[in-house]
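Analysis of the macromolecular model
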Amino acid sequence: MSLAELDAVIHAPKRLAAMAVLTGSDHVTFRFLVDHLAITESDLSKQMSALEAAGYVKVHKSGRGRGSSTSYSLTSTGRSAYRRYRTALQELLGD
């Protein structure tokens, strides 16, 4: 097992935490992630954009303006990447 096997996109602490939350749900709202991860809205947007660009999450938007809502779900690629990441981390740690 080498460090190169750890997915750098997922490895960032805030993205790792978001992936962990998303893996346990069908979808999660933007507001829930902001509150649960205790990060700013702009920081969450940045982290989720990186996960979306990697093809790991899908963004769902509804409505416009003040009543709009954003939620996220893992793609099948994201689920697979998260499983591989966990396996690589467990091997690295000797679990």
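Attention here is on the structure that accompanies the text.

Definitions and cut-offs
Every chain is numbered on its own, with residues counted from 1 as its sequence reads. For this predicted model, a pLDDT threshold of at least 70 governs which residues receive local features, and a threshold of 80 or more governs which side-chain atom pairs are given and counted, while totals over whole chains, interfaces and linings are taken from all residues. Note that water and hydrogens are dropped before the side-chain values are worked out from all heavy atoms of the structure. A pair of strands is considered paired only if DSSP assigns at least 2 bridges between the two. Strands here are runs of E lasting at least two residues and helices are runs of H or I lasting at least four, both read from the DSSP assignment and numbered beginning at the N terminus. Categorising residues by exposure relies on relative accessible area from a 1.4 Å probe, with only protein chains included: less than 20% of the type maximum marks a residue as buried, more than 50% marks it as exposed, and the intermediate range marks it as partly exposed. Along the arc lie the directions from the helix axis toward the C-beta atoms. Surface patches are defined over residues having more than 30% relative accessible area and no salt bridge, joining like charges when they lie within 9 Å and nonpolar side chains (Val, Leu, Ile, Met, Phe, Trp, Tyr) when within 5 Å. To be clear on the numbers: accessible area is Shrake-Rupley with a 1.4 Å probe, and residue cover counts the displayed protein chains and nothing else. Salt-bridge detection follows one rule: a side-chain nitrogen of Lys or Arg within 4 Å of a carboxyl oxygen of Asp or Glu.

In the sheet, strand S2 (residues 57-62) pairs with strand S3 (residues 69-74) via 6 bridges, with the strands oriented antiparallel. Counterpart to Val 59 in the pairing with S3 is Tyr 72. Linking S2 to S3, which pair antiparallel, is a turn of 6 residues; within it Gly 63 sits at a positive phi near 75 degrees.

For helix H2 (residues 13-23), the full list of buried residues reads Arg 15, Ala 18, Met 19, Val 21 and Leu 22. One side of H2 carries all its buried residues, which in axial view fall inside an arc of 160 degrees.

This next bit is on the sheet that holds strand S1 (residues 28-29). What the 3 strands build is an open sheet, ordered S1-S3-S2; its pairing is antiparallel. Both edges of this open sheet fall to S1 and S2, since each of them pairs with a single strand only.

A cluster of nonpolar residues, Leu 3, Leu 92 and Leu 93, forms a patch on the protein surface that exposes about 320 Å² of accessible area. Mapped onto the fold, Leu 3 is located in the segment before helix H1 (8-11). Classification of Leu 3 as exposed rests on a relative accessible area of 61%.

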